Amino acid sequence: MKGVRLQDITKTFGKVHGVKELNIDIQPGEFFTFLGPSGCGKTTTLRMIAGFYYPTDGKIFFDERDVTRLQPNKRDIGMVFQNYALFPHMTVNENIAFGLEVRKFSKQAISEKVDEVRGLVRLEQYGERKINELSGGQQQRVALARALVIKPDILLLDEPLSNLDAKLREETRIEIKRLQAELGVTTVYVTHDQTEAMAMSDRIMVMENGYVQQIGTPQEIYNRPVNRFVSSFIGESNTLEMTVMSIDGEKVIVRNEHGVKLSGLLSNSSPLAPMNKGETIHVSIRPESILQGDGENTLTGEITFVEFTGLSVNYSVKVPGVTLKVMIINTGGKLLQIGDSIQLSIPSRSLYFLGE
Amino acid sequence: MKKQPFQSSQDSLWARITRSPSFIYVLISPLFLILFGYVIFPFYQSFIQSFGSETGLNNYKKFFSLESTANLEALWTSVYISVISVITCAIVGVLMAFLLERYDFPGRRVLSILVLVPMALPPLVGVLSFTFLYGESGIIPRGIQHLFNLEQVPFKLKGVWGVIVVHTFTMYTYFYLTASAAIKGLDPSLEEAATNLGASRLRIWRKVILPMLTPSIVAAALLVFMISMASYTAPLIFGVERTMTMQIYLSRTNGNLDMAATQSTILSFVSISFLIIMRWYQNKRNYQNLSKGISVHRSEVKSKAMKVVSIVLSVAGVIILLLPILTLILISLSVDGTWTTQVLPPAYTFDHYISLFTDERTWRPIWNSLQMGFVATLGNIIFGVAAAYAMVRLNFKGKTLLDILIMVPWALPGTVVAVNLIAAFSEENIFAFNQVLIGTFWILPLAYFIRHLPLVFRSTSASLMQMDQSIEEASRSLGAGWWMTFRKIVLPLTLTGILAGTLLAFVQSIGEFVASILIYSTSTMPLSVAIFQKMYAFKFGTACAYGVLQIVLILIVLTISERLSKGTAGSAI
């Protein structure tokens, strides 16, 4: 188990920037996720850790060892590829044994280790199967077994769940988390799925356009996003452009140009938000934090869209100057119709102030 | 766990050299060196020679001179034959494709297998069997003459039309293959949609079907035109002297090497232009039909009269397709020198086949060809696999150049390749390790190597492209070095592709005639030249036995390749 440190990493492809000035410090044993839309540079970063790309600038350390330009086969890394990259001409056992053979283990040791890891990923019966005789989920577990059997210092997972159907995805997610916790291996996980990232990670790095937007625990990222990109990328969010009217101790009053006035708390603001009187800022409000009925920050609006999902009722509500997404947990109450008027309240702790 | 002792990352000089971005050019330089030495250099030598020793543009003036028009006539005849061949091949090939893909009639299954028989005929052997069948003293004309007691044979295949008939028979398969692939991919619902919108049959053909087939038809047309321009065997046998390839051959045999070089430079210019047009067209061509799992609906021939007609036509088709091979087999069993004016050979023996393998003189050419084919193919494998890997997996400037340089020798007529080699290797030079290659064993394997350069390359790069790069990366990340990854992962996964190209290159080398006839030496006479000579010595039996042997070899290779391609489809994820 080793830590990974990326220091001032920049990678350009020709003239195109892959990633820029990246600094990350991944702790030994940590489950660390790179999260972002496609093309944000997360896979590029992962491939630099794996050694398939060399950074244009900066250094990569495994613990204290500089591995920036070390060849991929000398890094002692386990990697699971998006399409699994299993060797199609080999059986399950041969696939898993490959890394051990490279490391010149004895036949006896190889067969013991392969059996053990096959048990770990619950593929006991499948040792002699060909790869094309396995389902997608089973292939995924072979790929995981193949990466884990070499007892890697670091495990890299490149969107390992993206080729599975929804149900398998959840099952495998739990499985991977279980294995990671059991083995305690430092894990770097790449995904564009924020639910996956939230559910599995110790810490998440949100990336966009090759730049790091925010690094933090799932709660930090969700509850205290640093900017509009993070707040809208992670979960659903209403982002309102508003002007600071007054700051009185902890209490902040903001209003939009149509006269909607809201009050929030100063401690709920991103370090990047200019919290001064008269400044224009953005306010992020999660749909699920808006309540129906009377309370703080009461607003009345007209319903323009209704969607019933079972778990919740999603409304779009038009208030002066903006349409809010509102999610009400379904408790069997009456469903409102398009055109109905609805009273909403927003607890002041649910407002989060952002800069750009 | 056990760990290898790590070197520090500021490691050895060698490691730093191999990581340098320009190291890749060191790796690919042998490929370019080979192409330079054996493709560009001979081409250049021939080009230089085409200007003659002191006379400057004289040869070109002579070529285009209006006083002695032999050369211009030859150019015209070549183009004329090629254009007609394209048209006849297109008609036969596309029609066959439609009949077999769209209609169900008695005899369809047999016909759809036999339709590819012409591919199994090596050019020389194919032309020979056509002269045996339809030539002046051929079986069919003579048979009809005897049957109806005619004064003269009713028709005979010779001259330009002979060439065109042979071209049609051997090359319609290019149209057939591309057209039937396109028709298979043609979604029947498009036609149904057009009918639904009120279009008539004719209109659907004009507005829907033909436009969708155009890309494949154009591609096949360019290919057939190129091959017809390069065609040498048919004009030779049918005595059409005024074609480009024949003029080159005649200049060479008359010792006028400068003129041969001029003619071949001009012919290469035509061929390479066509290669470029073809590549340009293939790149811009879009694959319109992406619907998957189309089930082609074959309309059944229902009426009684049509059924009879279709049976008769199928039987006729089967006979026409099989006759050349049957004829070869028949004549291979005839006693040499006995068949003169009779319809069929009068006396039969199995001796030719026995002596092929027992008589030193008849076995010699087979052995020569096997050896030379083996050497050439070995070169093709090494070069082809390396070039394919570089092309698909490495990133370097000059990829397009590499691709074109590999394709050029394939586009060049065999005659031109031979003339180029003569120009380059009649004297000592560095690429021949300071030897004169002409007249030695090595010149023919070199010619075969160059002519079949793209075969292994293409089949290997096709299977490499199918193989996901991340499979190699997975192997690297599991600790395997580059060489181990190549050996344990890349080679096993591309083996079928490599093998398919290898087999093809090998049989083609064994049957190669066009370049061989210009540069062989008597001590290493190849199989094809031996067939040609036996023909002229009226040893038809032996010649045809050689031919049948070649056909058997080709059939074996085709069967294995078919198996191989099925095997990959099964095991790929």
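Keep in mind it's a predicted model, so treat the numbers as computed, not measured.

A look at the overall build of chain A
Link 1 in the chain: Of regular secondary structure, chain A possesses eight helices and 20 strands.
Link 2 in the chain: Taken along its principal axes, the extent of the C-alpha atoms in chain A is 75 × 50 × 35 Å.
Link 3 in the chain: Split into buried and exposed, the 356 residues of chain A put 54% on the buried side.
Link 4 in the chain: Here the analysis covers contacts within chain A between residues at least 6 apart in sequence; of these, 66% occur between residues at least 24 apart.
Link 5 in the chain: When the accessible surface of chain A is totalled, it reaches about 15,600 Å², and 48% of it is carbon and sulfur.
Link 6 in the chain: Taking the average place of the 40 positive charges on the side chains of chain A and the average place of its 43 negative ones, the gap between the two points comes to 4 Å.

Here's the deal with the packing of helix H6 (residues 123–134) of chain B against helix H14 (residues 304–332) of chain B
Residues and elements named next belong to chain B.
Link 1 in the chain: As a packed pair, H6 and H14 sit with axes 9 Å apart at the nearest point and diverge in direction by 85°. As summarised for this structure, H6 and H14 are arranged roughly perpendicular, according to the angle between their axes. Every residue of H14 that contacts H6 at Val-125, Ser-129, Phe-130, Phe-132, Leu-133 and Tyr-134 is listed here: Leu-323, Pro-324, Thr-327, Leu-328 and Ile-331.
Link 2 in the chain: Broken down by class, the residue content of the contact of H6 with H14 amounts to nine nonpolar, two polar and no charged.

Thoughts on the interface of chain B and chain A
It is common to give the size of an interface as the accessible area that goes away when the parts come together.
Link 1 in the chain: On the chain A side, the residues contacting the 27 residues of chain B number 35 residues.
Link 2 in the chain: Inspection of the chain B/chain A interface yields two salt bridges.
Link 3 in the chain: When the shortest N-O distance is used, the salt bridge between B:Lys488 and A:Glu101 registers 3.8 Å.
Link 4 in the chain: Elements represented by at least two residues in the side of chain B that touches chain A include exactly helix H21 (469–477), helix H22 (482–511) and helix H25 (540–571) of chain B.
Link 5 in the chain: Broken down by element, the side of chain B that touches chain A gets its largest block of residues, seven residues, from H21(B).
Link 6 in the chain: Class assignment for the residues of the side of chain B that touches chain A results in eleven nonpolar, nine polar and seven charged.

Some words on the sheet that holds strand E1 (residues 4–13) of chain A
Residues and elements named next belong to chain A.
Link 1 in the chain: Within the open sheet, the four strands sit side by side as E2-E1-E4-E5. Their pairing is antiparallel. This sheet does not close on itself; its edge strands, each paired only once, are strand E2 (16–26) and strand E5 (65–66).
Link 2 in the chain: Inspection of the sheet shows E1 paired to strand E4 (residues 57–62) by five bridges, in the antiparallel sense. Its bridge partner lying in E4, Arg-5 is registered against Phe-61.
Link 3 in the chain: Sheet strands in contact with helix H1 (residues 42–50) are E1, E2 and E4, and its direction is about 115° off that of E1.

Considerations on the domain arrangement of chain A
Residues and elements named next belong to chain A.
Link 1 in the chain: Its domain assignment divides chain A into domain 1 (4–228) and domain 2 (236–354).
Link 2 in the chain: Taken together, the contacts link seven residues of domain 1 with eleven residues of domain 2.
Link 3 in the chain: With both chains or domains summed, domain 1 and domain 2 bury close to 810 Å², and 48% of this area falls on carbon and sulfur atoms.
Link 4 in the chain: Interface area lost by domain 1 to domain 2 is led by Tyr-222, Arg-224 and Arg-228, which between them contribute 61%.
Link 5 in the chain: On the surface where domain 1 and domain 2 come into contact, there are zero salt bridges.
Link 6 in the chain: On the surface where domain 1 and domain 2 come into contact, there are five residue pairs in polar contact (both at pLDDT 80 or more).
Link 7 in the chain: Looking at the side of domain 1 that touches domain 2, its residues break down into three nonpolar, two polar and two charged.

With respect to the nonpolar core
Link 1 in the chain: If you look at the biggest cluster of nonpolar residues, it comprises 225 residues, and the most contacted ones within it are A:Leu156, B:Phe175, B:Leu421 and B:Phe425.
Link 2 in the chain: Beyond its immediate chain neighbours, meaning those up to four positions away, B:Leu421 contacts B:Pro42, B:Ser426, B:Ile438, B:Ile443, B:Leu446, B:Ala447, B:Ile450 and B:Ile519.
Link 3 in the chain: Residues A:Ala273, A:Val283, A:Ile328 and A:Leu351 belong to the second largest nonpolar core, which totals 28 residues.

A short note on the sheet that holds strand E17 (residues 312–319) of chain A
Residue and element names in this part refer to chain A.
Link 1 in the chain: Strand order across the open sheet formed by five strands is E15-E19-E16-E17-E18, with antiparallel pairing between neighbours. Whereas interior strands pair on both sides, the edge strands pair on one side only; in this sheet they are strand E15 (291–292) and strand E18 (322–329).
Link 2 in the chain: Here E17 pairs with E18 via eight bridges, running antiparallel. Across the sheet, Val-319 pairs through a bridge with Val-322, a residue of E18.

Let's talk about the pattern of salt bridges
Residues and elements named next belong to chain A.
Link 1 in the chain: Inspection of the entire model under this criterion finds 18 salt bridges over all chains.
Link 2 in the chain: One salt bridge in this structure joins Glu-175 and Arg-178, with 2.9 Å as the shortest N-O distance. Of this pair, Glu-175 and Arg-178 both sit in helix H5 (residues 166–183), three residues apart, roughly one helical turn.
Link 3 in the chain: Residue Glu-175 is classed as buried on the basis of its relative accessible area of 13%.
Link 4 in the chain: Arg-178 sits in the partly exposed class, given a relative accessible area of 26%.

Here we look at the environment of A:Gly18
Residue and element names in this part refer to chain A.
Link 1 in the chain: Here Gly-18 is to be found in strand E2.
Link 2 in the chain: Residue Gly-18 is classed as buried on the basis of its relative accessible area, which comes to 9%.
Link 3 in the chain: For the pair Gly-18 and Arg-118, spaced 100 residues apart in sequence, the C-alpha separation works out to 37 Å.
Link 4 in the chain: Residues within four places of Gly-18 in sequence aside, it is in contact with Lys-11, Thr-12, Phe-13, Cys-40, Gly-41 and Gly-210.

Details of the side chain of A:Ser316
Link 1 in the chain: In this structure, A:Ser316 sits in strand E17.
Link 2 in the chain: In this structure A:Ser316 comes out as buried when scored by relative accessible area, which is 16%.

Points about the pairing of E17(A)
Residue and element names in this part refer to chain A.
Link 1 in the chain: Most of E17 sits out of view: seven of its eight residues are buried.
Link 2 in the chain: The pairing of strand E16 (residues 298–308) with E17 spans six bridges and is classified as antiparallel. In the sheet register, Ile-303 faces E17, and the bridge partner there is Val-317.
Link 3 in the chain: Between E16 and E17, which pair antiparallel in sequence order, lie three residues; one of them, Gly-310, sits at a positive phi of approximately 100°.
Link 4 in the chain: In this structure, the hairpin formed by E17 and E18 is closed by a connection of two residues, where Gly-321 is found at a positive phi of approximately 90°.

A look at the pairing of strand E12 (residues 251–255) of chain A
Residues and elements named next belong to chain A.
Link 1 in the chain: Across five bridges, the pairing between strand E11 (residues 238–248) and E12 is antiparallel. Its bridge partner lying in E12, Thr-243 is registered against Arg-255.
Link 2 in the chain: Between E11 and E12, which pair antiparallel one after the other, the connecting turn spans two residues, and Gly-249 there sits at a positive phi close to 65°.
Link 3 in the chain: By the bridge criterion, five bridges tie E12 to strand E13 (residues 261–265) in an arrangement that is antiparallel. Its bridge partner being in E13, Val-254 is matched across the sheet by Leu-262.

So, the confidence of the model for chain B
Residue and element names in this part refer to chain B.
Link 1 in the chain: For chain B, the average pLDDT comes to 81, and 93% of its residues sit at 70 or higher.
Link 2 in the chain: Confidence over residues 1–9 falls short of pLDDT 50; this stretch has 16 contacts with residues more than four positions distant or in other chains.
Link 3 in the chain: Between residues 568–573, whose pLDDT stays under 50, and residues either more than four places distant or in other chains, the model counts nine contacts.

Some remarks on the environment of B:Ile404
Link 1 in the chain: As for its position among the elements, B:Ile404 is in helix H17 (residues 399–411).
Link 2 in the chain: By relative accessible area, B:Ile404 is classed as partly exposed at 35%.

Description of the confidence of the model for chain A
Link 1 in the chain: Averaged over chain A, the pLDDT score is 90; the fraction of residues at 70 or greater is 100%.
Link 2 in the chain: Taken element by element, chain A is modelled with least confidence in H5(A), mean pLDDT 87, and with most confidence in strand E3 (residues 31–35) of chain A, mean pLDDT 95.

What to know about the packing of helix H2 (residues 23–49) of chain B against helix H16 (residues 360–393) of chain B
Residue and element names in this part refer to chain B.
Link 1 in the chain: At a minimum axis distance of 10 Å, the contact between H2 and H16 shows a crossing angle of 125°. In terms of their interaxial angle, H2 and H16 are classed as oblique. Relative to H16, H2 is oriented so that their crossing is left-handed. The residues of H16 that touch H2, namely those facing Ile-28, Leu-31, Ile-34 and Leu-35, are Phe-383, Ala-386, Ala-387 and Ala-390.
Link 2 in the chain: Of the residues belonging to the contact of H2 with H16, the class tally is eight nonpolar, no polar and no charged.

Scoring rules and cut-offs
- Residues numbered from 1 in each chain as written.
- Chains lettered and ligands numbered in written order.
- Predicted model: local features only at pLDDT ≥ 70, side-chain atom pairs only at ≥ 80, totals over all residues.
- Heavy atoms only, no water.
- Helix = DSSP H or I, 4+ residues; strand = E, 2+ residues; numbered from the N terminus.
- Buried < 20%, exposed > 50% of the residue type's maximum accessible area, 1.4 Å probe, protein only.
- Contact = heavy atoms within 4.5 Å.
- Areas by Shrake-Rupley, 256 points an atom, 1.4 Å probe, with all protein chains shown as cover.
- Lys, Arg positive; Asp, Glu negative; His and termini not counted.
- Charge placed at Lys NZ, Arg CZ, Asp CG, Glu CD.
- Axes fitted to C-alpha atoms, helices over the stretch in contact; angles between N-to-C directions.
- Parallel < 35°, antiparallel > 145°, perpendicular 65-115°, else oblique.
- Nonpolar A, V, L, I, M, F, W, Y, C, P; charged D, E, K, R; others polar.
- Salt bridge = Lys/Arg side-chain N within 4 Å of Asp/Glu carboxyl O.
- Pairing = 2+ DSSP bridges.
- Domains from an automatic or database assignment.
- Buried area = accessible area lost by both parts, 1.4 Å probe.
- Polar contact = N/O pair within 3.5 Å; in protein donor to acceptor, adjacent residues only side chain to side chain.
- Core = buried A, V, L, I, M, F, W, Y, C linked by side-chain atoms within 4.5 Å.
- pLDDT = per-residue confidence, 0-100.
- Left-handed = near helix turned anticlockwise from the far one by under 90°.

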